[in-house]
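Each chain, written out:
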Amino acid sequence: MSPTTITTAERFVVDGPFGPPIAIGIGLVLALLFAFMLRRESSVLGSRNSVIFWCLRTAAVSIVLWMLLAPMKILVETSTTRRAIVFVTDVSGSMQTVDPAGSSDDLRWALTRSDGQSFSITREADQAVAALGIALRKLQAAREALQQHSQERQLLDSVAAAQQAVERAQDHVRRIGKAPSEHRSSDKIQTLVNRLTKLLSGAELQSFAQNVSAIKKNRTPAQSGWREGLPDLEHRISVIKTAAQELAWTAAENEGKQFASENRELLSSVRSASRLDRVSKSVDSLQKTTLSSLDDKADLRYSSFDQAVQWMSGPPAPENSSRGSNTADREEPVAAAGTDLSKVFASLQQEAIHQPLAAVFLLSDVAHNQLGGKHPRDVAGTLIDTPVYVVPIGNTQHVRDVHLRSVFAPTVAMRNDDIVIEASLQAFHCEGEVCVVQLLQDGMPIDQREILLDSGLATRTVRFERHVGTLGTEQFRVAVVPIEGELTADNNERDFEVNVTRNDIKILLADEFPRWEYRYLTQLFRRDTKVECDELLFHPRMIATGHREESKSVPITVDEWDYYDVIMLGDLATDHLPVAAQESLVKYLQDRGGTVVMIAGTDAMPHAYKDMPLDGIVPVEPVEQSAAGAEGGYEFRITAEGLDHPAMMIGETEEENRVAWSLVNHYSPLPAVSAWRKPKAAARPLIAAIRRNSTDPTADERNSAFLCWQQVGRGRIVYLSAPESFRLRFLRGDRLHYRFWGQLVRWAIAADLAAGSKFVRVRTDKSRYNTRETVQVTVRLANAKGEPVVADGVSASIIGADDSRTISLSADLVVPGEYRGEIRSLAPGEYRIEPAGNAVEQLQQENSQEPATATLSVQKEMSSELTETRCDRALAQQIADVTGGQVVPPTAIDEILKLTNLEPLTSETIQQLPLWVQWKYLWIVFGCLQSEWIVRRRLGLS
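Sequence order as written defines the numbering, with residues in each chain counted from 1. In keeping with the predicted nature of the model, local features appear solely for residues at pLDDT of at least 70, side-chain atom pairs appear and are counted solely at 80 or more, and the whole-chain, interface and lining totals rest on all residues. Values reported for side chains reflect all heavy atoms of the structure, with hydrogen atoms and water molecules removed beforehand.

Describe in detail the overall build of the protein, supporting the description with residues and values.
Per the secondary structure count, the protein includes 23 helices and 39 strands. Radius of gyration: C-alpha atoms only; globule rule: 2.2 Å multiplied by the number of residues to the exponent 0.38. For a compact globule of 942 residues, the expected C-alpha radius of gyration is about 30 Å, and the protein comes in at 42 Å, more than 25% above that figure. The C-alpha extent of the protein, read off along each of the three principal axes, is 145 × 100 × 60 Å. Only protein chains enter the calculation, and the probe is 1.4 Å; a residue is then buried if its accessible area is under 20% of its type maximum, exposed if over 50%, and partly exposed in between. In the protein, which comprises 942 residues, the share counted as buried stands at 48%. Taking the intrachain contacts of the protein between residues at least 6 apart in sequence as the baseline, contacts between residues at least 24 apart amount to 77%. Per-residue accessibility takes into account occlusion by the displayed protein chains alone, with areas from the Shrake-Rupley method and a 1.4 Å probe. Just so you have it, the protein exposes about 45,500 Å², and 50% of that area is on carbon and sulfur atoms. The numbering of helices and of strands both runs from the N terminus, where a helix is a DSSP run of H or I of at least 4 residues and a strand a run of E of at least 2. Working rule for contacts: check all heavy atoms of both residues, and any pair within 4.5 Å makes them a contact.

Tell me what's going on with the pattern of salt bridges, and back it up with residues and numbers.
Only one rule defines a salt bridge in this text: a Lys or Arg side-chain nitrogen within 4 Å of an Asp or Glu carboxyl oxygen. If you walk through the whole model with that rule in mind, you get 41 salt bridges. Here glutamate 895 makes a salt bridge to arginine 168, at a shortest N to O gap of 2.7 Å. Highlighted residues: glutamate 895 in helix 22 (residues 893-898) and arginine 168 in helix 5 (residues 152-178), separated in sequence by 727 residues. The class of glutamate 895 is buried, set by a relative accessible area of 1%.

Requested: an account of the pairing of strand 18 (residues 505-511), with residues and values cited.
Within strand 18, six of the seven residues are buried, which leaves it mostly tucked inside the rest of the structure. Strand direction decides the pairing type here: strand 18 and strand 19 (residues 531-537), joined by seven bridges, are parallel. Along strand 19, the bridge assignment pairs leucine 508 with aspartate 534. Should DSSP find at least two bridges between two strands, the strands are regarded as paired. Pairing of strand 18 with strand 21 (residues 566-569) involves four bridges; the strand directions are parallel. Bridge pairing in strand 21 places isoleucine 507 opposite valine 566.

Account for helix 21 (residues 873-883), naming residues and giving values.
For helix 21, every residue scored as buried is listed here: Leu875, Ala876, Ile879, Ala880 and Thr883. Down the axis of helix 21, the smallest arc covering the buried residues is 140°, so these residues share one side. Its buried side turned inward, helix 21 meets helix 4 (121-147), helix 11 (341-354), helix 12 (376-380) and strand 9 (388-392). Side-chain atoms alone can form a polar contact between residues adjacent in sequence; in general such a contact is a pair of N or O atoms within 3.5 Å, and within protein one must be able to donate a hydrogen while the other accepts it. Capping the start of helix 21, aspartate 872 holds a side-chain oxygen 3.4 Å from the backbone nitrogen of alanine 874, two or three residues further along. When we speak of the arc, we mean the arc of directions from the helix axis to the C-beta atoms.

So what's going on with the sheet that holds strand 12 (residues 417-428)? Residues and values would help.
Spatial strand order, 10-12-15: three strands in an open sheet with antiparallel pairing. Only two strands of the sheet have a single partner each, and these edge strands are strand 10 (401-408) and strand 15 (457-468). Pairwise comparison of adjacent strand axes, ignoring direction, gives a mean angle of 20° for this sheet. Taken together, the seven bridges between strand 10 and strand 12 define a ladder with antiparallel strand orientation. By the bridge assignment, valine 407 is partnered in strand 12 with alanine 423. Lines fitted to C-alpha atoms define the axes here, with helix axes fitted over just the stretch in contact, and angles between the N-to-C directions of these axes take values from 0 to 180 degrees.

Can you lay out the packing of helix 3 (residues 106-113) against helix 4 for me, pointing to particular residues and giving the numbers?
Contact pair helix 3 / helix 4: the axes reach a minimum separation of 10 Å and the direction vectors enclose 95°. Taken together, the axis directions place helix 3 and helix 4 in an arrangement best described as roughly perpendicular. Taken together, the residues of helix 4 that come into contact with helix 3 (itself represented by Leu107, Arg108 and Leu111) are Thr122, Arg123 and Asp126. Looking at the contact of helix 3 with helix 4 residue by residue, the classes come out as two nonpolar, one polar and three charged. Comment on the angle field: the value is read as roughly parallel under 35 degrees, roughly antiparallel over 145, roughly perpendicular from 65 to 115, and oblique elsewhere. Each residue is assigned to one of three groups, with Ala, Val, Leu, Ile, Met, Phe, Trp, Tyr, Cys and Pro labelled nonpolar, Asp, Glu, Lys and Arg labelled charged, and all others, Gly among them, labelled polar.

Go over the environment of glutamate 908, please, and point to the residues and values.
Assignment of secondary structure puts glutamate 908 in strand 39 (residues 905-914). Of the residues examined, glutamate 908 reaches a relative accessible area of 55% and is grouped as exposed. Put simply, glutamate 908 and threonine 7 are 901 residues apart on the chain and 9.6 Å apart in space, counted from C-alpha to C-alpha. Dropping the residues within four chain positions of it, glutamate 908 is found in contact with Val76, Glu77 and Thr78.

So, the nonpolar core: which residues are in play, and what are the values?
In plain words, nonpolar cores are sets of buried Ala, Val, Leu, Ile, Met, Phe, Trp, Tyr and Cys residues tied together by side-chain atoms within 4.5 Å. Within the largest apolar cluster, 73 residues are counted, with the highest numbers of intra-cluster contacts made by Phe87 and Phe361. By size, the runner-up hydrophobic cluster in this structure holds 44 residues, among which are Cys533, Met568, Val664 and Ala689.

Report on the packing of aromatic side chains, specifying residues and quantitative values.
The relation between two aromatic rings is expressed through the spacing of the ring centres and the mutual angle of the planes. Any two of the Phe, Tyr and Trp rings considered here, Trp counted by its six-membered ring, make a pair once their centres fall within 6.5 Å; the pair's planes then place it as stacked at under 30 degrees, edge-to-face at over 60, or tilted in between. Enumeration according to the criterion identifies 13 aromatic pairs in this entry. A centroid spacing of 5.5 Å and a plane angle of 25° characterise the contact between phenylalanine 361 and tyrosine 389, whose relative ring orientation is stacked. Here tyrosine 389 lies in strand 9 and phenylalanine 361 lies in strand 8 (residues 357-364), a separation of 28 residues in the sequence. Taken as a pair, phenylalanine 361 and tyrosine 389 share a single burial class, namely buried.

Quick rundown of the environment of proline 671? Include the residues and the values.
By the secondary structure assignment, proline 671 is in the loop between helix 16 (654-667) and strand 25 (676-679). Beyond its immediate chain neighbours, meaning those up to four positions away, proline 671 contacts Gly633, Tyr634, Glu724 and Arg727.

I'd like a rundown of the packing of helix 8 (residues 230-262) against helix 9 (residues 264-271), residues and numbers included.
The N-to-C vectors of helix 8 and helix 9 enclose an angle of 105°; their axes lie 5 Å apart at closest approach. Here helix 9 runs roughly perpendicular to helix 8, going by the angle between their axes. Where helix 8 abuts helix 9, its residues Phe259, Ala260, Ser261 and Glu262 lie against Arg264, Leu266 and Leu267. Taken together, the residues of the contact of helix 8 with helix 9 break down into four nonpolar, one polar and two charged.

Describe the sheet that holds strand 8, and please don't skip the residues or the numbers.
The mixed open sheet is built from five strands, whose spatial order is 6-5-3-8-9. Edge positions in the sheet fall to strand 6 (309-312) and strand 9, since each of these pairs with one other strand and no more. Strand-to-strand twist of the sheet, defined as the mean angle between neighbouring strand axes without regard to direction, takes the value 20°. Contacting strand 3 (84-90), strand 5 (299-305), strand 6, strand 8 and strand 9, helix 11 runs over the sheet at an angle of about 50° to strand 6.

So, the side chain of aspartate 99: which residues are in play, and what are the values?
Mapped onto the elements, aspartate 99 comes out in the loop between strand 4 (97-98) and helix 3. For aspartate 99, a relative accessible area of 4% puts it in the buried group.

I'd like to hear about a nonpolar patch on the surface, residue by residue, with values.
To count toward a patch, a residue needs a relative accessible area over 30% and no salt bridge; like charges are then connected within 9 Å, while nonpolar side chains (Val, Leu, Ile, Met, Phe, Trp, Tyr) are connected within 5 Å. A cluster of nonpolar side chains, contributed by Leu33, Phe36 and Met37, occupies part of the molecular surface with about 290 Å² of accessible area. Here leucine 33 is to be found in helix 1 (residues 20-40).

Help me get a handle on the state of the cysteines, residues and values and all.
Any pair of cysteine sulfurs within 2.5 Å is marked as a disulfide. This structure, assessed with the given rule, holds zero disulfides. Counting only cysteine sulfurs, cysteine 928 is the nearest neighbor of cysteine 55, a cysteine outside any disulfide, at a range of 9.7 Å. A relative accessible area of 40% means that cysteine 55 is categorised as partly exposed. Taking the relative accessible area as the measure of exposure, cysteine 928 reaches 9% and is therefore buried.

Account for the side chain of threonine 778, with residues named and values stated.
Examined against the element boundaries, threonine 778 turns out to sit in strand 32 (residues 775-781). Judged by relative accessible area, which is 7%, threonine 778 ranks as buried. Reaching out from threonine 778, the side chain makes a polar contact with the side chain of arginine 820 at a distance of 3.1 Å. Ignoring sequence-local partners within four residues, the contact set of threonine 778 consists of Arg761, Val762, Arg763, Glu818, Tyr819 and Arg820.

Got a sec to walk through the confidence of the model for the protein? Specific residues and values, please.
On a range of 0 to 100, pLDDT expresses the predictor's confidence in each residue. On average, residues of the protein carry a pLDDT of 85, and 94% of them reach 70 or more. Averaged pLDDT values over the elements of the protein bottom out at 40 in strand 7 (residues 323-324) and peak at 96 in strand 9. In this model, residues 320-335 is a region of pLDDT below 50 whose contacts with residues beyond four sequence positions or in other chains number 33 contacts.

So, in structure tokens, the structure goes:
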């Protein structure tokens, strides 16, 4: 049903130089004059012609007088649009929480479900606070209208609404003052009531009431400067509101004890109900009282939301299952959808286009947890003339729970490394208890720590050390043994894996001059027994070691490049890295894999290689000339991707990692970087180079990379925009510098997570996934000569206990012989992936190979809806502030409704249709005169 009603009315008006009485008088005079003149000619004309002439003349004069009256038809179209009151209820997973007794306004939610007849100081005080809040908003609107020189009507309407709200607040305080003494048993309550009564009867408010009364009677207020006094009155109302809030808090504290003894069953029912159950029953009670009387004035609309918004015919019913906060045998809800408040306000914005929203009541724990997109506060700020009144529900404090927040461990290690695993956990309301943290490998406990929780909010760090001696992927898990009565055990464990690579690494280190980076790297690799490093230096004297000693040049063929796992190229001149070597290097990366580390310089790398084969794989391009240099130097900034990257883990723990980079930035910043540092679209920046005097660090982070990498076929290229990583040695010796390059090299030669033979290999990008993650599958086919096999119809079968399917794989356009595909929405469980297709079967049969198989596991995703259930009252206040609403308790909803303007919006469209501006009237006049002239000519008269 459309909220807009259109009515149409018609009326006639004349807009000529004189009105109908004068026109009639003129017409009668002229008719008599015509009769007199024609009577004198009747002897000649004859009585018949005289009557005809008189009729023609009278008709012509009548038409002329009609046109001079300028009659018009007025069409008045009146459009009346009803306002709407919207109740938006949160039905996300966190709304199934049952809050601990006494932590979530139990008294107020119980009062909304009572019959409403019994007197309550808490309810009256809450309503007084809400009324004063509206008065404050209306005064602010009046002041803004005055400052912006808006229409006088807008200013007067705002002050009148403010005075109405003040009068309502005075009535509530008056009722509290007249209540029986047993309701005001506390001396503090009586003191606060007396203070409020005095404040509300002050001279400023009395003078304001008189001015508004005069305005309503269309009189000039006695106080001439009342407009200039609005800011002072605003401050006064704010002081009164604060006093009313104190009264409400005190009343709730005192009245709660009395209510618990007199309404034990009702209060017990409220305390055992979920948040959604409280909201639904309170809105049902409100429908039977206040809302039932509003149907004739405004439309009542309801919607619910979690990750999406659904409009409904009535308030949502509570779910059958509820999520307990401190019971061990509770039932989990079937789904724990997240909360997206931004979509709520976007939906309200669309609804406001079709119907004005007088007020929106948001009943929620305001636990927005959807990452990305606009902040709810910013989206709510786009609502125009739509106040949002947030009714928060839920405990603002953590409930009893142990939360394993993070696990910090290297993702890549060499065989026989000793790795450090650091776990961070947080415990709420578990003081005096001991929790056990276990380290598991392949599902079996291998180490554990006992942690004493000595406070209500305890944060602890647990450290494990582990020797990894087997090549391949090691699966680990850190788990906290659940404690009795905690919120959930879903957040008690974290899985991670360590890719253990071989410990014999072949590196080529080539540079034009012995820059500081080159010197430190040669010393670093010479001391490392796990590294075989060939050095190649051209100036000031030729140095060539290992496989480069004989040729004293860079490799020329793909096979020569393929001898090395990692190739580090410094500021080499183009004649020392000829086109043939560049072409074979690119082909080595694309077909054989491997890693090239390119360290920029001032003489050649990479700008001298523009339009050469190497230019095609450089992951950066020049920055704009205006951003080429910085007087204050640069600092390292780890990007979001770099935070989790193994090469960036220069500290053994998360805290050591953060401190190390901060120390370098503070004491040894980057003096300069290459102008070639803007990442290309396919590049993956890990460290940004931020100008120290930058006015826009975010733009610098996006457009200025110190270290980035990108995939090149089967290989990858790593780019450093300056030879400055040695600054990690400042005040720390070579430990951090060694760790940085050690981690970078480990990542570069990380063991391929592929299973199968050299003919058919299959791998996934990870071995463990959450339910919402997409599995990336790669199949590689090669013949007996190691050449890639190109074929059609390559697929992969995914086999699990509860889910099995087959997906088609697409050929990689860059890497021949590789086929890729994605698997989405896998249920939790263990899975086996097998390549399929005619080409796969033929390769495995010809070479007598067992079918290639990769395994993976999918874990149930840990929902923040079930682990972070606190009510976010800070966000609720922000939303209320930007929309002109308030954060109100459920007991104040009916007061807000009574003070909300529910008058429909009315607009008129007036259409004027002139009835005389038509050619036919002139033709009638001319016709009458012409007819008389024709008759006279025939009779031979003048």
